[in-house]
Amino acid sequence: MSTYLESHALEEAEFHHVADLDESLKPRSKEDRTVGPISYTFMWIGDGVNLGNMTLGASLVVAGTATLNIIQTFAAAAIAIAIISVIFALNDRIGYRTGIPYVVQLRMSFGMKGSIISSLLRGIPAIIWYGFQSWIGGTALNEIVKVITGGAFDNAVICFVVIQLVQIVLSLYGFHAIKWVEMLASIVIMLALVYVFGILLTSHSEVIAEKWVHAEGSWGLPFFAFIMMFLGNYAAIFLSAGDYSRELKSGISDAKRGFLYFSPILLAYGFVLTIGVMLASATGISNPVKAFAIVVDNPYITVGVSAFIVIGAIAVNMVANIIPPTYVITLLTKLKYKVAVIITGILAFCSFPWVLVQDSSAKGLGLFILIYSAFLGPIVSILLVEYYILRKQKMNVADLYKEDGPFAGYNPCALLAMLIGAGAAFIKVELAWIIGVVVAGIAYIILMKFAFKDSSFKKGTIFENEF
């Protein structure tokens, strides 16, 4: 497969009118793609074995009892992971075929000005997740330092700052650094988690069986709400799937790319989620780092496990939470990539992640996921409807980069459909993602085909400059 389809062909000469555009936003050429299938798989394993997913599992345990039993948990996970993989494979296609990033893909539906709003709705949650993962990593680093200093040092805030500085430096090297960090992290962390899993089975199996395995659970709203939280947890990532697929080497079929998502997410997400539920059941604590310290009652092993947690926090941020908002900042401010990376790291300092997850409850994290997924569900629905139904997978990429071209201004249909979908999602926030996807998709088709039927913008070639 060539880097671009014929209908996506983009000549370098067509960039003369956007000479000030940062290289990170231009289509990735075949020669610039350095990530192979194996590295790509490990990248998603590294993303899945993170404390956010573990905390999501811990959120199932309320007041010492799981809201879902083991069968319901795995059934919800399987359904969610299948949906996640399908949407990944569908939404990564334009990025893989054309090499364009997500913030440019948005222009196809929302217009150049309208994409500012939708790109912020992707960037802001990523920055908050960035801060949250760094806070978890910081608390793990603090556990390490406490052991080493014999308790003389105990300051999670300072450790949080150190973790942030390390990540900013690493992310300056872009996907070249991500590839190697993820391969190392995914292998090391999985080995550590296998060890923890063994301890939980041998030393805490009775309490886990009582509170999770034999729990009555529910097949009702809590079951479907947890599927939505699963989806919401990945909603921001598969929304910007093109940011990752544009780095993947060419020549990989759509079906094979789908497998590159499904297999690592199933392995990593399923395993980490299980450990999260088991830890919370055994200890009654939602913060996995502090739960680890109780379960692994050995200072030296605690240091080792905490070190793996630190690596995991850095790994997931490198994939999911640094690149997307950096592209957004680069697009909006015209700053260079490295400057935008530093700004992204500074903004993550201000996300107050310790509010989302406290020792006694991770409800704040679950609520945060459900709220932002109410907006991200409609956006991914609009993108898929645009590319597959309205455009039949044909797109003149050059037009997306022309500030005075057919995509200048706003597409009121996309913005209205997004607001309609998000509004409907908030009617039942526990099911926010799926409601937003269905309602926004239907609204967008109706608006594009009927509300503006006398306008040439129905064909997706003209956008209104104002509402």
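Remember, predicted model here, so these are calculated numbers, not experimental data.

Scoring rules and cut-offs
Residues numbered from 1 in each chain as written. Predicted model: local features only at pLDDT ≥ 70, side-chain atom pairs only at ≥ 80, totals over all residues. Heavy atoms only, no water. Helix = DSSP H or I, 4+ residues; strand = E, 2+ residues; numbered from the N terminus. Expected span 1.5 Å × (residues − 1). Buried < 20%, exposed > 50% of the residue type's maximum accessible area, 1.4 Å probe, protein only. Phe/Tyr/Trp six-rings, centres within 6.5 Å; stacked < 30°, edge-to-face > 60°. Lys NZ or Arg CZ within 6 Å of the ring centre and 35° of its normal. Arc of directions from axis to C-beta. Salt bridge = Lys/Arg side-chain N within 4 Å of Asp/Glu carboxyl O. Patch = residues over 30% accessible without salt bridge, like charges linked within 9 Å, V, L, I, M, F, W, Y side chains within 5 Å. Areas by Shrake-Rupley, 256 points an atom, 1.4 Å probe, with all protein chains shown as cover. pLDDT = per-residue confidence, 0-100. Contact = heavy atoms within 4.5 Å.

## Looking at helix α10 (residues 221-239)
At step 1: End to end, α10 covers 25 Å across 19 residues, agreeing with the expected 27 Å (1.5 Å per residue, within 8%).
At step 2: Counting buried residues along α10, 16 of its 19 residues qualify, which places the element largely inside the surrounding structure.

## Here we look at unusual backbone geometry
At step 1: Even without a glycine there, the phi angle at lysine 392 is positive, about 55 degrees.
At step 2: In this fold, lysine 392 is placed in the loop between α17 (363-390) and α18 (397-400).
At step 3: The class for lysine 392 is exposed, based on a relative accessible area of 57%.
At step 4: Positive phi is not limited to glycine here, since glutamine 393 has a value of about 65 degrees.
At step 5: Along the chain, glutamine 393 falls in the loop between α17 and α18.

## Description of the packing of aromatic side chains
At step 1: Considering all chains together, one arrives at 21 aromatic pairs under this definition.
At step 2: Considering the side-chain rings of tyrosine 327 and tyrosine 337, the 6.4 Å spacing of their centres and the 55 degrees angle between planes classify their relative orientation as tilted. Placement of tyrosine 327 in helix α15 (residues 323-333) and of tyrosine 337 in helix α16 (residues 337-349) is noted, with a sequence separation of 10 residues between them. In terms of burial, tyrosine 327 and tyrosine 337 fall into one category: buried.
At step 3: Following the ring pairs from residue to residue traces out a cluster consisting of Tyr40, Trp44, Phe88, Phe238, Tyr244, Tyr261 and Trp433.
At step 4: The cationic tip of arginine 33 hangs over the ring face of tyrosine 96; the distance from NZ or CZ to the ring centre is 5.5 Å.

## Considering α16
Given 3.6 residues per helical turn, the α-helix brings residues three or four places apart onto the same face.
At step 1: Taking 1.5 Å of rise per residue, the 13 residues of α16 would be expected to cover 18 Å, and the 19 Å separating its terminal C-alpha atoms lies within 8% of that figure.
At step 2: When we look at burial in α16, the residues that qualify are Tyr337, Ala340, Val341, Thr344, Gly345 and Ala348. Buried residues in α16, looked at end-on, bunch into an arc of 140 degrees, giving them a common side.

## What about the pattern of salt bridges?
At step 1: Taken as a whole, this structure holds eight salt bridges when the rule is applied.
At step 2: Across the pair aspartate 92 and arginine 257 runs a salt bridge whose closest N-O atoms are separated by 2.8 Å. One end of the pair, aspartate 92, is in the loop between α3 (70-91) and α4 (93-98); the other, arginine 257, is in helix α12 (residues 254-283), and 165 residues separate them in sequence. Comparing aspartate 92 with arginine 257, the two get one shared label, buried.
At step 3: Across the salt bridge formed by aspartate 254 and arginine 257, the nearest N and O atoms sit 2.9 Å from each other. Taken as a pair, aspartate 254 and arginine 257 lie in helix α12 at a separation of three residues, close to a single helical turn.
At step 4: Each of Asp92, Arg93, Arg97, Asp254 and Arg257 takes part in a single network of salt bridges with overlapping partners.

## Observations concerning a nonpolar patch on the surface
At step 1: On the surface, Ile434, Val438, Ile442, Ile446 and Phe450 cluster together to form a nonpolar patch covering roughly 450 Å² of accessible area.
At step 2: Assignment of secondary structure puts phenylalanine 450 in helix α20 (residues 432-451).
At step 3: Overall, the relative accessible area of 54% leaves phenylalanine 450 in the exposed class.

## Here's the deal with the confidence of the model for the chain
At step 1: When the pLDDT values of the chain are averaged, the result is 80; 84% of them are 70 or greater.
At step 2: Across the chain, the element-wise mean pLDDT spans from 68 in strand β2 (residues 65-66) up to 93 in helix α19 (residues 412-425).
At step 3: Predicted confidence for residues 1-13 stays below pLDDT 50, and this span has 34 contacts to residues more than four positions away or in other chains.
At step 4: Across residues 15-19, where pLDDT falls below 50, the model places eight contacts with residues more than four positions away in sequence or in other chains.

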